[in-house]
Amino acid sequence: MPPLPLQSDWAFVAGNLDLLLAGTGVTVGLTAASILLGFLLGFPAGAVEVYGRGPLKRAVETAGVVLRGTPLLVIIILLFFGLSVSSSAFVTATIALGLRSGAYQSQIFRGALQSVDEGQLEAARAVGMGRLQAIRSVVVPQALRRSVPGFQNEFTIVLKDTSIAIVIGLGELLTVGQNLYQGGQSTAALEIFLTVSLIYFVLTFVTNRSLDYVDDRFSIPGGEHA
């Protein structure tokens with residue numbers, strides 16, 4: 001390809017960088033909201049799977065299996081076009097991503113709760129704590145620390161899955177990138193998607209490094225204080 005068109009394509013990307021950054025802001029906001037909703041649903045669900053019993057435990061387990069087994073694309077389309085849970089594409093995408101993330105986070109927290117030695121719960125009961133107090137004060141703090149690596153992976157997955165919201169027209173990063181080159185204003189499809197990919201990489205890298213720090217800072221000491 002001649003150098004001039006290539007330069008003009010990159011100039012087109014630079015000239016629309018503000019739109020791409022605005023789409024990045026939507027992606028970051030959607031990721032944060034979805035992860036928070038997933039945590040608010042996933043942690044109690046994980047606790048119910050470990051300590052619950054009866055119909056509630058079975059209902060939570062079944063809901064988790066259904067959500068984990070249903071493609072995210074189907075969930076988004078069903079909530080937006082089928083159930084019409086909200087006229088806002090952002091709200092609908094947040095609910096869809098949050099439900100799906102909650103189903104996976106429940107398994108992260110379930111494993112973290114089960115990884116805490118049962119003897120610690122028994123010891124807490126032996127010194128006079130009630131079962132709920134022992135779980136809240138002894139088991140949960142350790143489980144949250146141990147869940148960071150799994151949560152880190154889930155955060156990265158949700159960040160990348162926000163791109164699926166393109167199907168309901170949400171103006172997140174991928175949607176903005178696609179709209180730029182589909183508008184016929186430029187032939188810079190490759191340059192646009194290289195830029196979009198770079199932004200996703202930067203977001204993922206920063207997120208992973210930040211959570212690595214959190215993991216190192218709050219990991220349960222193994223003899224050496226972190």
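About the cut-offs
- Sequence order as written defines residue numbering, which begins from 1 separately in each chain.
- Owing to the predicted nature of the model, reporting of local features is limited to residues with pLDDT of at least 70; listing and counting of side-chain atom pairs is limited to 80 or more, with chain, interface and lining totals taken over all residues.
- Neither water nor hydrogens contribute to the side-chain values; these are computed over all heavy atoms in the structure.
- UniProt positions are given in the numbering used here, feature names are shortened, and annotations may be inferred rather than shown by experiment.
- Working definition: helices are DSSP H or I runs of at least four residues, strands are E runs of at least two. Numbering for both runs from the N terminus.
- We compute the radius of gyration over the C-alpha atoms and compare it with the globule rule, which gives 2.2 Å times the number of residues raised to the power 0.38.
- For the exposure calls, accessible area comes from a 1.4 Å probe over protein chains only, and a residue counts as buried if that area is under 20% of its type's maximum, exposed if over 50%, partly exposed in between.
- Residues counted as positive are Lys and Arg, residues counted as negative are Asp and Glu, and His and the chain ends are not counted.
- Just so you know, the charge point we use is NZ for Lys, CZ for Arg, CG for Asp and CD for Glu.
- In this analysis, rings of Phe, Tyr and Trp, with Trp reduced to its six-membered ring, are considered paired at centre separations within 6.5 Å, and the interplanar angle assigns stacked below 30 degrees, edge-to-face beyond 60, and tilted for intermediate values.
- Think of a patch as exposed residues, more than 30% relative accessible area, with no salt bridge, where like charges cluster within 9 Å and nonpolar side chains (Val, Leu, Ile, Met, Phe, Trp, Tyr) cluster within 5 Å.
- The method behind every accessible area is Shrake-Rupley, applied with a 1.4 Å probe, and residues are considered shielded solely by the protein chains displayed.
- Take a side-chain nitrogen of Lys or Arg and a carboxyl oxygen of Asp or Glu: if they are within 4 Å of each other, that pair is a salt bridge.
- Residues adjacent in sequence count toward polar contacts only when both atoms are side-chain atoms; beyond that, a polar contact is any pair of N or O atoms within 3.5 Å, and within protein one must be able to donate a hydrogen and the other to accept it.
- Note on contacts: a residue pair is in contact if any heavy atoms of the two residues lie within 4.5 Å.
- By nonpolar core we mean a set of buried residues, namely Ala, Val, Leu, Ile, Met, Phe, Trp, Tyr and Cys, connected to one another through side-chain atoms within 4.5 Å.
- Lines are fitted to the C-alpha atoms to define the axes, a helix being fitted only along its stretch in contact, and any angle between axes, read from their N-to-C directions, falls within 0 to 180 degrees.
- Angular relationships are summarised with four words: roughly parallel below 35 degrees, roughly antiparallel beyond 145, roughly perpendicular across 65 to 115, and oblique for the angles in between.
- Handedness of a crossing follows from how the near helix is turned relative to the far one, being left-handed for an anticlockwise turn of less than a right angle and right-handed for a clockwise one.
- Polar here means any residue outside two lists: the nonpolar Ala, Val, Leu, Ile, Met, Phe, Trp, Tyr, Cys and Pro, and the charged Asp, Glu, Lys and Arg; Gly therefore counts as polar.

The protein carries the name ABC transporter permease subunit in an unreviewed UniProt entry, which gives Haloarcula rubripromontorii as its organism. Within the UniProt record for the protein, the comment given under Sequence similarities (unreviewed entry) is "Belongs to the binding-protein-dependent transport system permease family."

Chemist: What should I look at first to understand the overall build of the protein in this one?
Modeler: Counting its secondary structure elements, the protein contains ten helices and zero strands. Start at the N end of the protein and walk to the C end: the helices and strands fall as α-α-α-α-α-α-α-α-α-α. For 226 residues, the compact-globule formula gives about 17 Å, and the C-alpha radius of gyration of the protein, at 22 Å, lies well above that figure. Taken along its principal axes, the extent of the C-alpha atoms in the protein is 75 × 50 × 20 Å. Per-residue burial over the protein gives 39% buried out of 226 residues. Separation of charge centres in the protein, based on 14 positive and 15 negative side chains, amounts to 14 Å.

Chemist: Is there a simple way to explain the UniProt feature "transmembrane region" (unreviewed entry) in the protein in this structure?
Modeler: Mapped onto this structure's residue numbering, the UniProt feature "transmembrane region" (unreviewed entry) falls at residues 20-51, 72-99 and 188-207. Here residues 20-51 is 100% helix and 0% strand, with 46 Å between the C-alpha atoms at its ends. Taken end to end, residues 72-99 has its terminal C-alpha atoms 10 Å apart, with 79% of it in helix and 0% in strand.

Chemist: I tried to follow the packing of aromatic side chains on my own but got confused; where do I start?
Modeler: Pairs of aromatic rings are described using the distance from one ring centre to the other and the angle between the two planes. Tallied over the entire structure, the rule returns six aromatic pairs. The interplanar angle of 25 degrees and the centroid separation of 5.9 Å between the aromatic rings of phenylalanine 39 and phenylalanine 43 together place this pair among those described as stacked. With a gap of four residues between them, phenylalanine 39 and phenylalanine 43 both fall in helix H2 (residues 17-51), about one helical turn apart. The partly exposed category is assigned to phenylalanine 39, whose relative accessible area is 30%. Ring centres of phenylalanine 151 and phenylalanine 155 lie 6.3 Å apart, and the angle between their planes is 65 degrees; on these two criteria the pair is classed as edge-to-face.

Chemist: Looking at this structure, how should I read a nonpolar patch on the surface?
Modeler: A surface patch of nonpolar side chains, about 480 Å² in accessible area, is lined by Leu198, Phe201, Val202, Phe205 and Val206. Within the secondary structure, phenylalanine 201 is located in helix H10 (residues 189-218).

Chemist: Please clarify how the pattern of salt bridges should be interpreted in this entry.
Modeler: A side chain of one charge can pair with a side chain of the opposite charge when the charged atoms of the two come close. Using the criterion set out here, one finds two salt bridges in the structure. The residue glutamate 49 makes a salt bridge to arginine 110 at a minimum N-O spacing of 3.8 Å. Here the residue glutamate 49 occupies a position in helix H2, and arginine 110 occupies one in helix H5 (residues 89-115), the gap between them amounting to 61 residues. Note that aspartate 212 is salt-bridged to arginine 209, the shortest N-O span being 2.5 Å. In this pair, aspartate 212 and arginine 209 both sit in helix H10, three residues apart, roughly one turn of the helix.

Chemist: Looking at this structure, I do not really get helix H9 (residues 173-182). What am I missing?
Modeler: Count 3.6 residues to each turn of an α-helix, and residues three or four apart come out pointing the same way. By the burial criterion, the buried members of H9 are Leu173, Thr175, Val176, Gly177 and Leu180. With a side-chain oxygen positioned 2.9 Å from the backbone nitrogen of leucine 174, the residue opening H9 is glutamate 172.

Chemist: Any chance you could explain the side chain of serine 101 here in plain terms?
Modeler: Relative to the assigned elements, serine 101 resides in helix H5. Classification of serine 101 as buried rests on a relative accessible area of 1%. When near neighbours in sequence (up to four residues on either side) are disregarded, serine 101 contacts Ser34, Ile35, Gly38, Glu154 and Val158.

Chemist: Please explain the nonpolar core as it appears in this structure.
Modeler: Within soluble globular proteins, side chains that are nonpolar tend to cluster in buried spots. In terms of nonpolar packing, the biggest core is built from 14 residues, with Tyr51, Leu113, Leu121, Ile135, Val139 and Val140 touching the most fellow members. For this core, the secondary-structure elements that each account for two or more residues are H2, H5, helix H6 (118-126) and helix H7 (131-146). The element contributing the most residues to this core is H7, with six residues. Once residues lying within four places of it in the same chain are set aside, the contact partners of valine 140 are Phe43, Leu113 and Ile135.

Chemist: Explanation requested: the packing of helix H3 (residues 54-69) against H5 in the structure shown.
Modeler: Helix-helix packing: each pair is described by the crossing angle between the helix axes and the interaxial distance. Where H3 meets H5, the closest approach of the two axes is 9 Å, and the angle between their N-to-C directions is 120 degrees. When the axes of H3 and H5 are compared, the pair comes out oblique. At the point where H3 passes H5, the crossing takes the left-handed sense. Packed against H3, whose contacting residues are Gly64, Leu67 and Arg68, the element H5 presents Leu99, Arg100, Ala103, Tyr104, Ser106 and Gln107 at the interface. Classifying every residue of the contact of H3 with H5 by side-chain character gives four nonpolar, three polar and two charged.

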